[in-house]
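Each chain is listed here by its residues.
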There are 2 protein chains.
Amino acid sequence: MPYARPNRNGPTIKDIAAALGVSHVTVSRALNDSPLVTEETKKRLREAAASMGYIPDAAAKQLRGGRSNIVGFILPDVENHFFSAIARVIAETLAASGMQLVLSISEDDPDLELRHVRSLCEARPKGIIITPVVNMHRETADLLANIPCKQLVRRHPLVESDVIVSEDKTATRLAAQRLIDLGHRHIAYIGNGSETLSTGADRAEGFYQAVWAAPEVKATIKLGPPGPGHGYETAIELLTDPKRPTAIVLGSALFTIGTLQAIRETGLEVPRDISLIGYDDPDWFKVWGAGITTVALPIREMAMMAASLVGESALEPALEPAITSIDGTSCKRLTFPVNLVQRGSDRQFRDRNQEV
Amino acid sequence: MPYARPNRNGPTIKDIAAALGVSHVTVSRALNDSPLVTEETKKRLREAAASMGYIPDAAAKQLRGGRSNIVGFILPDVENHFFSAIARVIAETLAASGMQLVLSISEDDPDLELRHVRSLCEARPKGIIITPVVNMHRETADLLANIPCKQLVRRHPLVESDVIVSEDKTATRLAAQRLIDLGHRHIAYIGNGSETLSTGADRAEGFYQAVWAAPEVKATIKLGPPGPGHGYETAIELLTDPKRPTAIVLGSALFTIGTLQAIRETGLEVPRDISLIGYDDPDWFKVWGAGITTVALPIREMAMMAASLVGESALEPALEPAITSIDGTSCKRLTFPVNLVQRGSDRQFRDRNQEV
DNA sequence: TTTCAAAATGTTCACGTGTACCTTTGACCC
DNA sequence: GGGTCAAAGGTACACGTGAACATTTTGAAA
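Residues numbered from 1 in each chain as written. Chains lettered and ligands numbered in written order. Predicted model: local features only at pLDDT ≥ 70, side-chain atom pairs only at ≥ 80, totals over all residues. Heavy atoms only, no water.

Caption draft 1: Expanded view of the interface of chain A and chain B. On the side of chain B, 52 residues touch chain A, which itself brings 52 residues to the contact. Counting each side, the surface lost to burial between chain A and chain B is near 4,800 Å², with a carbon and sulfur contribution of 54%. Across the contact surface, chain A and chain B share four salt bridges. Ionic pairing is found between Asp-57 of chain A and Arg-124 of chain B, a salt bridge with its closest N-O pair at 3.3 Å. In this assembly, chain A and chain B are joined by 22 residue pairs in polar contact (both at pLDDT 80 or more). Listing elements by their share of the side of chain A that touches chain B, those giving two or more residues are α4 (58–65), α5 (81–96), β2 (100–105), α6 (110–122) and α11 (254–265) of chain A. Considering only residue class, the side of chain A that touches chain B consists of 26 nonpolar, 13 polar and 13 charged. Bridging between β2 of chain A and strand β2 (residues 100–105) of chain B involves three bridges; their strand directions are antiparallel. Its bridge partner being in β2 of chain B, Leu-103 of chain A is matched across the sheet by Leu-101 of chain B. (Contact = heavy atoms within 4.5 Å. Buried area = accessible area lost by both parts, 1.4 Å probe. Salt bridge = Lys/Arg side-chain N within 4 Å of Asp/Glu carboxyl O. Polar contact = N/O pair within 3.5 Å; in protein donor to acceptor, adjacent residues only side chain to side chain. Helix = DSSP H or I, 4+ residues; strand = E, 2+ residues; numbered from the N terminus. Nonpolar A, V, L, I, M, F, W, Y, C, P; charged D, E, K, R; others polar. Pairing = 2+ DSSP bridges.)

Caption draft 2: Fine view of helix α9 (residues 198–212) of chain B. A rise of 1.5 Å per residue sets the reference length of α9 of chain B, with its 15 residues, at 21 Å; its end C-alpha atoms lie 21 Å apart and thus fit the reference within 8%. All of the buried residues along α9 of chain B are Ser-198, Thr-199, Gly-200, Arg-203, Ala-204, Gly-206, Phe-207, Ala-210 and Val-211 of chain B. (Expected span 1.5 Å × (residues − 1). Buried < 20%, exposed > 50% of the residue type's maximum accessible area, 1.4 Å probe, protein only.)

Caption draft 3: Up close: unusual backbone geometry. Looking along the chain, the bond that leaves Val-270 of chain A and enters Pro-271 of chain A is cis, with omega of 0 degrees. Here Pro-271 of chain A lies in the loop between α11 and β9 (275–279). The backbone phi angle of Val-153 of chain B is positive, close to 75 degrees, even though this residue is not glycine. Position of Val-153 of chain B among the secondary structure elements: in the loop between β4 (149–152) and β5 (162–166).

Caption draft 4: How the structure looks around the domain arrangement of chain A. Residue and element names in this part refer to chain A. Split into domains, chain A comes out as domain 1 (13–56), domain 2 (70–160 + 300–336) and domain 3 (168–297 + 340–355). One C-alpha centre belongs to domain 2, the other to domain 3, and the line joining them spans 28 Å. With 14 residues of domain 2 in contact, the opposing surface of domain 3 contributes 13 residues. For the pair domain 2 and domain 3, the summed buried surface comes to about 1,100 Å²; carbon and sulfur atoms form 60% of the total. Per-residue buried area on domain 2 facing domain 3 is highest for His-81, Phe-82 and Val-134; these three make up 40% of the total on that side. (Domains from an automatic or database assignment.)

Caption draft 5: Local environment of the environment of Ile-326 of chain A. All names here are of chain A. The residue Ile-326 is located in the loop between β11 (322–325) and β12 (332–336) in this model. With relative accessibility at 3%, the residue Ile-326 sits in the buried group. Taking the C-alpha atoms as reference points, Ile-326 and Glu-160, separated by 166 residues in sequence, lie 9.3 Å from one another.

Caption draft 6: Inspection of the packing of aromatic side chains at higher detail. Scanning all chains against the criterion turns up nine aromatic pairs over all chains. A centroid spacing of 4.8 Å and a plane angle of 85 degrees characterise the contact between Trp-284 of chain B and Phe-285 of chain B, whose relative ring orientation is edge-to-face. Ring-pair connections join several aromatic residues into one group, and the members of that group are Trp-284 and Phe-285 of chain A together with Trp-284 and Phe-285 of chain B. (Phe/Tyr/Trp six-rings, centres within 6.5 Å; stacked < 30°, edge-to-face > 60°.)

Caption draft 7: Just the relation of the copies chain A and chain B, in detail. With an RMSD of 0.1 Å, the operation that places chain A on chain B is a rotation of 180 degrees combined with a shift of 0.0 Å along the axis. The transformation just described matches what one would write down for a two-fold rotation axis. Take the interface residues of chain A: 98% of them recur as interface residues in chain B, which is what a same-surface contact looks like. (Least-squares fit on C-alpha atoms with pLDDT ≥ 70 in both.)

Caption draft 8: Molecular detail of the confidence of the model for chain A. Considering every residue of chain A, the mean pLDDT works out to 90; 94% of them sit at 70 or more. Averaged pLDDT values over the elements of chain A bottom out at 54 in helix α13 (residues 352–355) of chain A and peak at 98 in β2 of chain A. (pLDDT = per-residue confidence, 0-100.)

Caption draft 9: Summary view of the sheet that holds strand β10 (residues 294–296) of chain B. Residue and element names in this part refer to chain B. Across the sheet, which stays open at both edges, the six strands sit in the order β7-β6-β8-β9-β10-β13 with mixed pairing between neighbours. Pairing within the sheet leaves two strands with one partner each, and these edge strands are β7 (218–224) and β13 (339–341). On average, each strand axis in the sheet is tilted by 20 degrees relative to the strand beside it, whichever way the strands run. Pairing of strand β8 (residues 247–250) with strand β9 (residues 275–279), which is carried by three bridges, proceeds in the parallel orientation. What sits directly across from Ile-248, in β9, is Leu-276. Each of β6 (186–192), β8, β9, β10 and β13 touches helix α8 (residues 168–181); the most contacted strand, β9, lies at about 165 degrees to it. (Axes fitted to C-alpha atoms, helices over the stretch in contact; angles between N-to-C directions.)

Here you go:
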């Protein structure tokens, strides 16, 4: 014997076969419920398998049969509630069809993203769901081209795949419009800016749309890198300006904490001194002050859609996305509606000078 | 030809070998940097592999060589910041050693937990990190016994494995003690109660310890299921009592939102009417009101330790755990220190009647 | 040149599973 | 009784990789 079985301590189908004096093929058939085996034999073999503690080997199955039963989800950051909520739904949906979720965190770093994609490709996953990084490497996109892939939340032009997004333009437009309706005449937008990704551009554009339509409104737009630091610094800068805005729209959940921190440090109060409309809807928005008004995204529906599409499982569209095709490709864009949740962080503008 | 290669579109080492007129073994050796191949040949073969777009097959490697390079993490809930923060660090640590993280969400359901463990076992993972469910099935524990396994955050007695926990007793004791020192004479504890899990019992006991040592203090203890609903309902019940407590200690991050909701609905204010000490330290604790005083856990250190242990990688103990052995087994318990972060949600008790 | 070890490469096989194809058995029909 | 056919099971092999063992080539000492 050249070497002992390296990867096993439990029995294989051959062991079961030997123990019962049948061929390993019969065991395989019995366990896979093939019609080629008598019910009685099936029962006998299954009982033996169970009592011997047989556990099938996913690697062998995969080697023989095709792709594995894993799906990769590559996302920038799990600590962000927005993404952890998505991850949860994806994991649930996949588990329901017996698939497994490999979670890869890119930290918005193209190098790390590439490493994760490489790693995933080696596992021959059933599919990959990705929220792409701003400066994705071309090699990353090339690798993804060979695998069933869906882009979620963000879209990168190098990747040819279906895209599942929310109505980003509408989201910021609704937020800005509401503040305009409340009488605010100087509104700021803090978002992440990136020409290569859909998200940043769309959200900024939605904000513009509302503001352009109201020439009496002054707008300040601050785009920056998609990290939490940007929120704080930008907000400090905005709020210490003597001509500071009276309302802020956040273009990303990441900036909320930083902005709130800045508001407190500058001695201001929400909504008395400044109105605020957030993005996404983590639990604590409900209990912060009188509640934070925000644009809520249909996370559950988007994530389920993504998971169902890569997992080829049935799908219950609780919410109907708008389906459009992407210019020049055969890919589809599924856009899910958003809605503005009104709470206590925004209110009618009152001029501080007039009040005194 | 009986059937075409079912699981491949890219080239294998045999294809590369054929293209360059060498044996597939030479290719394998070159790609694995074996000393048995000339540097020059290595270079030639590697370049060919790269240009042909070769991607190794993890399943074949695993089948031949032993275990896979995946590590499973079974946790009750990723949306909970506490766990998503842990998942993040585990994923990072594993990725640094080229391993992959399979995320399985048990939702505190023993059946689901068992299914996940079964699924993971089929993948022959390098190890499993688990935060066990209260009523774990015996079969789950049996399966885990055959795999390198570490319990994280919670310990279930059926599972014989090393355990990585925080000083749960100290945590609640510190919190209660602080409130006593601030002059509070009626303190409530809202936690999750379960005899089979270490966490619930330990945290309750820590609270007891502080309270017992101060006979003048009245304590109300409310244990319930580890879900967010418990927090709200219990808090409502506590706060609508005419003899309501003047301070609350939370025994789990899950209960914070519900408790804050209840406080607002009953028209009370933190810290004027009621002091509050939380558990864990999500970002928003810093910006809620004047900040939420809380017991912060060394999440990063605990998660890194768990990941390093199952991944057999080097380990940098930024924080030194206390190591004790577990009665009757050869397993170790690694206990990490906690610390009380003082913010604005607790303050000196003032009797409302005397003030008037 | 011969010899012989060391270096470089090749041949074979096993890992666990499932599929294509072959063999045996026995029931049924004319 | 020979023939047909279906049921039930077996044999052989492939999937991609790497370890063990075999073979060839190299190069230097004798």
